[in-house]
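Descriptive structure summary
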Amino acid sequence: MSELISELKKLSDLERKTEELSTQIKSVTGKDHYAETDDDLIKLQLKNTKLKHRLSIIRQSIAYEAKSAMEVTESFSITEHLENVFARAISLAFPEYGNIPVIIAPVNSASAKYGDYQCNNAMGLAKKMKEMGVNRTPRDIANELQKCCPLSPIINKLEVGGAGFVNVYLSKDYAAQSLKNILRNGIKPPRVLKRRVLVDFSSPNIAKQMHVGHLRSTIIGESVCRLLEFLQHDVIRINHLGDWGTQFGMLIAHLEDRFPDFLNKSPPIGDLQSFYKESKKRFDTEEEFKKRAYNRVVSLQSGEPNSRKAWQLICDVSRQEFQAIYDRLDVTLRERGESFYQSRMLSVVDFLRNKNMLEHDEGRQIMWPNEDRSGIPLTIVKSDGGFTYDTSDMAAIRHRIEEEHCTWIIYVVDSGQSTHFNTIFKAAERCCILNPTAHRVHHVQFGVVLGEDGKKFKTRSGDTVKLSDLLNEGMKRSLEQLRSRGRDEILTAQELFEAQEAVAYGCIKYSDLCHNRISDYVFSFDKMLDDRGNTAVYLLYTYTRICSIARNLGDDFCYLLKVLDTVEIVLNHEKEWKLAKTLLKMHDILIKCSKDLFLHFLCEFCYEVCTVFTEFYDSCYCIKKNKDGEIIEVNRSRVLMCEATAAVLRQCFYILGLKPVSKL
């Protein structure tokens, strides 16, 4: 197809030049048609005739191929499919503009009379043609595009409307079959170019408790991983722990004083945060302790066994605390702290030195991110010979590209670090660690969590809120809400606990993810636990409501595959059709989320699915009962639509980290 279009363009250019030459000759001779005795004109006429014959053959070939039906699979995106449809149409109708991007936009559901999607290229094409001296109205161009569109099983009809929009009406047969495929085969991921991806997120510091500042990185990072894994990328989840540095000197020295037999008996460090504060106070006030702390840093870095043992014990206590949080939030990570890169930091310093990238600056060794020495330099080696975060980050990005062979590296870190990461990326590119044509590096930045007073979220005493305390408060609030609804009288103890966890952790996660991550957001349990509006509670309640429909039918829908073999999905009612079209947008939304890793688009989609389902359920009966509560009629097609809605929500909930429960 592309070769035919390329040939067509060449021949079109030759035909245009021939016509121009013919016009010039006629203007000189003053003749209205070619003179038979003029050898030049005869040759020109013959050449032009041959060209037109070749053009006719190629145009027929392109028309045949372009108008042939386009195939679809369970993994396709509606928007991308329509882009391909109209790309063919543009190439056939206007081959000289065959490379312009296709513009496809969904139509607002309130404007259903204008179709379901629109191609908006006609106006842009009219402008480009005018620049080339060709005057055609957008509506004429749209009509030409409509004629040249290939057959597609997802398109019912095309209409030209307004100033030049091509309105696309989806096929109900296609939609009904797609919903049945979801129920029969599960939700297949949309097709994307597969990459080896490393996601760096959470990253707390050893000997310090996780606090609300770690909340966003942990929640966003986990959902980014789930999204990319569903899209079948090869994902590596990395927890870049702060497990190395001078602070460990004072912790080891304090451990030796408090628990002198730590080598033989595991020290009962119950509160590592208090232990850290005690050691920091001694470091600031006791000169002898401070000196000993510095010595312990040296012994740790040199690999002295006792110091290494003490360091490992401290790290193990922190790991247990971190893991308790990760278990509650259902987060999976592979630990790879700063200590992992110690030998690689030595290597990257030699690497940069051999490339003449390092400069001496007041005892330091620095590296400029740009050739012109602009920007903020990285401190690769301190004046005392030690390394910095700059060094470890350069060692890490080199390891991730050269040893892990990653082609996409994602750092889920707050917006305050954007300058640092931009500098690291530029420096890595300058020294040829990073090749921008082969590798993608992405700082997934986010704003801060605010209290209801609009300031940074803190306790009443002004301290940073511990993440464990926040989760405990969520569990307490969710249980209170469930009891206020009388759920403790209906659900079993196990069902109540599962509902409590689903609401507590779900509302915390969703409140974070439903906002544009770059913005700050206000943390409010009252708003999170509201069962109205775009909240996790509303979504979870809607899901349980959907699950109850098939459950009320007893055995009838236990064997879903048998039902699918005997029941067709019918989309005659406007609310049935609206729900079907909404569900089929899922692949478009997932692709949109994956491009720049904004998960609030998926949250908005979940909310739209739930609101559209509510419209459907309120307008279209699924089960009819008599006055005695006995089922007298079942619309099996609509029950299948309920099941398809539940399947879509389940997959979205998994990506967002929400745990759906069948009873709430």
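Summarised in this report is the structure supplied together with it. (Residues numbered from 1 in each chain as written. Predicted model: local features only at pLDDT ≥ 70, side-chain atom pairs only at ≥ 80, totals over all residues. Heavy atoms only, no water.)

Across its full length, the protein holds 24 helices and 16 strands. A fraction of 73% describes how many contacts in the protein between residues 6 or more apart in sequence connect residues 24 or more apart. (Helix = DSSP H or I, 4+ residues; strand = E, 2+ residues; numbered from the N terminus. Contact = heavy atoms within 4.5 Å.)

With 25 residues, helix H11 (residues 305-329) should cover 36 Å at 1.5 Å per step; its first-to-last C-alpha distance of 36 Å lies within 8% of that length. Here H11 has its buried residues at Ser-307, Ala-310, Trp-311, Leu-313, Ile-314, Cys-315, Val-317, Ser-318, Phe-322, Ile-325, Tyr-326 and Leu-329. The N-terminus of H11 is capped by Glu-304, whose side-chain oxygen sits 3.1 Å from the backbone nitrogen of Asn-306. A positive backbone phi angle near 60° is found at Asp-330, which sits one or two residues after H11. (Expected span 1.5 Å × (residues − 1). Buried < 20%, exposed > 50% of the residue type's maximum accessible area, 1.4 Å probe, protein only. Polar contact = N/O pair within 3.5 Å; in protein donor to acceptor, adjacent residues only side chain to side chain.)

This part takes up the sheet that holds strand E2 (residues 117-119). Pairing within the open sheet is antiparallel, and its four strands lie in the order E1-E2-E4-E3. One side of each edge strand has no neighbouring strand; the edge strands of this open sheet are strand E1 (104-106) and strand E3 (155-161). Sheet twist, expressed as the mean angle between neighbouring strand axes with direction ignored, is 25°. By the bridge criterion, three bridges tie E1 to E2 in an arrangement that is antiparallel. Residue pairing in the sheet places Ala-105 in a bridge with Gln-118 of E2. (Pairing = 2+ DSSP bridges. Axes fitted to C-alpha atoms, helices over the stretch in contact; angles between N-to-C directions.)

With three bridges joining them, strand E8 (residues 359-361) and strand E9 (residues 364-367) adopt antiparallel strand pairing. Residue pairing across strands places His-360 opposite Gln-365, the latter belonging to E9. Taking the residues that link successive antiparallel strands as the turn, the E8-E9 hairpin has two residues, and the phi of Glu-362 there is positive, at about 50°. Where E9 meets strand E10 (residues 378-381), three bridges bridge the pair, whose relative direction is antiparallel. Counterpart to Met-367 in the pairing with E10 is Leu-378.

Let us now look at helix H14 (residues 418-430). Spanning 13 residues, H14 covers 18 Å between terminal C-alpha atoms, matching the ideal 18 Å at 1.5 Å per step. His-420, Phe-421, Thr-423, Ile-424, Phe-425, Ala-427, Ala-428 and Arg-430 are the residues of H14 that are buried. Note on H14: the residue one or two positions beyond its end, Cys-432, has a positive phi of about 70°.

Looking now at the state of the cysteines. Under the defined criterion, the tally for this structure stands at zero disulfides. Here Cys-606 is not disulfide-linked; the sulfur of Cys-652 is the nearest cysteine sulfur, at 4.1 Å. (Disulfide = S-S within 2.5 Å.)

Grouped together as the largest cluster of nonpolar side chains are 173 residues, with contacts concentrated most on Phe-86, Ile-410 and Phe-523. Residues contacting Ile-410, with those up to four places away along its chain left out, are Val-197, Leu-198, Val-199, Asp-200, Val-224, Leu-228, His-442, Val-444 and Leu-597. Counting 32 residues, the second-largest nonpolar core is a separate cluster that includes Ile-380, Cys-406, Phe-425 and Ile-433. (Core = buried A, V, L, I, M, F, W, Y, C linked by side-chain atoms within 4.5 Å.)

Let us now look at the pairing of E3. For E3 and strand E4 (residues 165-170), the ladder comprises six bridges, and the chain directions are antiparallel. Within E4, the residue paired with Leu-158 across the bridge is Val-168. The antiparallel pairing of E3 with E4 creates a hairpin that spans three residues between the two strands, and Gly-162 there sits at a positive phi of about 60°.

Let us look at the sheet that holds E9. A sheet is described by the order of its strands in space; here three strands give the open sequence E8-E9-E10, paired in antiparallel fashion. If you trace the sheet from one side to the other, it starts and ends with E8 and E10, each paired once. The average undirected angle you get between the axes of adjacent strands in this sheet is 50°.

Our next topic: the packing of helix H13 (residues 389-402) against H14. Here H13 crosses H14 at 55°, and the two axes come no closer than 10 Å. Comparing the axis directions of H13 and H14 gives the class oblique. The way H13 lies across H14 gives a crossing that is right-handed. On H14, the residues that touch Asp-390, Asp-393, Met-394 and Ile-397 of H13 are His-420, Ile-424, Phe-425, Ala-427 and Ala-428. Counted by class, the contact of H13 with H14 contains six nonpolar, one polar and two charged residues. (Parallel < 35°, antiparallel > 145°, perpendicular 65-115°, else oblique. Left-handed = near helix turned anticlockwise from the far one by under 90°. Nonpolar A, V, L, I, M, F, W, Y, C, P; charged D, E, K, R; others polar.)

Phi is positive for Asp-330, which is not a glycine, with a value near 60°. Looking at the element boundaries, Asp-330 is found in the loop between H11 and strand E7 (334-335). Given the relative accessible area of 31%, Asp-330 is considered partly exposed. Although it is not a glycine, Cys-432 adopts a positive phi angle of roughly 70°. Judged by relative accessible area, Cys-432 falls into the exposed class, the value being 60%.

Quick look at the packing of aromatic side chains now. This model, assessed by the stated rule, comprises 14 aromatic pairs. With centroids separated by 5.0 Å and ring planes inclined at 20°, the aromatic side chains of Phe-457 and Phe-523 adopt a geometry described as stacked. Of this pair, Phe-457 sits in the loop between strand E13 (449-450) and helix H15 (467-484) while Phe-523 sits in the loop between strand E14 (521-522) and helix H18 (525-528), placing them 66 residues apart in sequence. Each of the two residues, Phe-457 as well as Phe-523, counts as buried. By the ring-pair criterion, three or more aromatic residues cluster together here, those being Tyr-411, Phe-421 and Phe-425. (Phe/Tyr/Trp six-rings, centres within 6.5 Å; stacked < 30°, edge-to-face > 60°.)

On to the environment of Lys-581, then. Looking at where Lys-581 falls in the secondary structure, it is placed in helix H21 (residues 574-583). Taking the C-alpha atoms as reference, Lys-581 lies 9.5 Å from Ser-109; in sequence the two are 472 residues apart. In contact with Lys-581, other than residues within four places in its own chain, are Asp-116 and Leu-170.

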